[in-house]
Amino acid sequence: MIRWLFIIGIVVIFAGWQAIHFEEERPLTASDLSYQRAVEVKNQDTVSTLVKPEPLKLTVILKEHYMDGVIETTKKEETIWSMVDFWAQYEGWTVENQQLDQVVFKREVKDISPLTKQQGYFGLTEDGELAVFQGDPEDGKVIEAFKPIPVKPLESRRKTELKSGIKIKDYDHFEQVLKQYSTQGEV
């Protein structure tokens, strides 16, 4: 019987200690965390801060570097309400330059540019080098971003094919023609 009284006494003491300890250090709940901070004003003087009350307006410049050497640049104005959302929107991009009112992003695109897909032709320059032309090689112009490449010694049939121009279909075709005709292989 004394043993039971001793055990009951220990349980009561432990329960009482837990009740007192719980009131002192209860864990935080969601209602305890406020997303806004209360600021007490001690005097009526205004304090200037770097935080603007309105949303941030930025100029965003996007540079897409394509495998054929073309860089496509897009410039746009953005109103930013949340920086977390802004950075999440450009997750696959790299910051190239950042200023107070402007951010320049870049990304490498494993494809050829839309311009090359629409109007691109492989052909030979006047110097006999392989180049990408905007339009037919006879009346088109060399796409400036693409550097001419020395050509392997070719059969006359292949030279004629290049002089008349080979229409670029897609990225795989682009790489295939480069490997087939150039001495440098992949660009």
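Residues numbered from 1 in each chain as written. Predicted model: local features only at pLDDT ≥ 70, side-chain atom pairs only at ≥ 80, totals over all residues. Heavy atoms only, no water.

Draft legend 1. Quick look at the overall build of the protein chain. Tallying secondary structure elements over the protein chain gives 5 helices and 8 strands in all. Among the 187 residues that make up the protein chain, the fraction classed as buried is 27%. Counted over contacts in the protein chain with a minimum sequence separation of 6, partners at least 24 positions apart contribute 50%. Working note: accessible area of the protein chain is about 14500 Å², and carbon and sulfur atoms make up 55% of it. (Helix = DSSP H or I, 4+ residues; strand = E, 2+ residues; numbered from the N terminus. Buried < 20%, exposed > 50% of the residue type's maximum accessible area, 1.4 Å probe, protein only. Contact = heavy atoms within 4.5 Å. Areas by Shrake-Rupley, 256 points an atom, 1.4 Å probe, with all protein chains shown as cover.)

Draft legend 2. Expanded view of the pattern of salt bridges. The tally for this structure, following the rule as stated, stands at 4 salt bridges. The partner of Lys63 in a salt bridge is Glu96, with the nearest N and O atoms 3.1 Å apart. Of the two residues, Lys63 sits in strand S1 (residues 56-66) while Glu96 sits in strand S3 (residues 94-98), which places them 33 residues apart along the sequence. Ionic pairing is found between Lys76 and Glu78, a salt bridge with its closest N-O pair at 3.6 Å. (Salt bridge = Lys/Arg side-chain N within 4 Å of Asp/Glu carboxyl O.)

Draft legend 3. Seen up close, the pairing of S1. Of all 11 residues in S1, 8 are buried; the element is thus mostly enclosed. Bridging between S1 and strand S2 (residues 71-80) involves 10 bridges; their strand directions are antiparallel. Across the sheet, the residue bridging to Leu58 is Glu78, located in S2. Between the antiparallel neighbours S1 and S2 lie 4 residues, among them Gly69 with a positive phi of about 95 degrees. Sheet topology places S1 next to strand S4 (residues 102-109); 8 bridges connect them, and they run parallel. From the neighbouring strand, Glu64 faces S4, where its bridge partner is Arg107. (Pairing = 2+ DSSP bridges.)

Draft legend 4. Region of the structure containing the sheet that holds strand S8 (residues 166-167). On the basis of which strands lie adjacent, the open sheet formed by 4 strands has the order S7-S6-S5-S8 and antiparallel pairing. Every interior strand has two partners, whereas the edge strands, strand S7 (141-142) and S8, have only one. By the bridge criterion, 2 bridges tie strand S6 (residues 130-134) to S7 in an arrangement that is antiparallel. When the sheet's bridge partners are listed, Gln134 is paired in S7 with Lys141. Running over the sheet, helix H4 (residues 156-164) touches strand S5 (120-124), S6 and S8 and is turned about 130 degrees from S5. (Axes fitted to C-alpha atoms, helices over the stretch in contact; angles between N-to-C directions.)

Draft legend 5. The side chain of Glu78, seen in detail. With respect to the helices and strands, Glu78 occurs in strand S2. Residue classification places Glu78 among the buried residues on the basis of a relative accessible area of 11%. Apart from the residues lying within four places of it in its own chain, the contact partners of Glu78 are Leu56, Lys57, Leu58, Val60, Phe86, Gln89 and Tyr90.

Remember that the coordinates give geometry; whether it matters functionally is a separate question.
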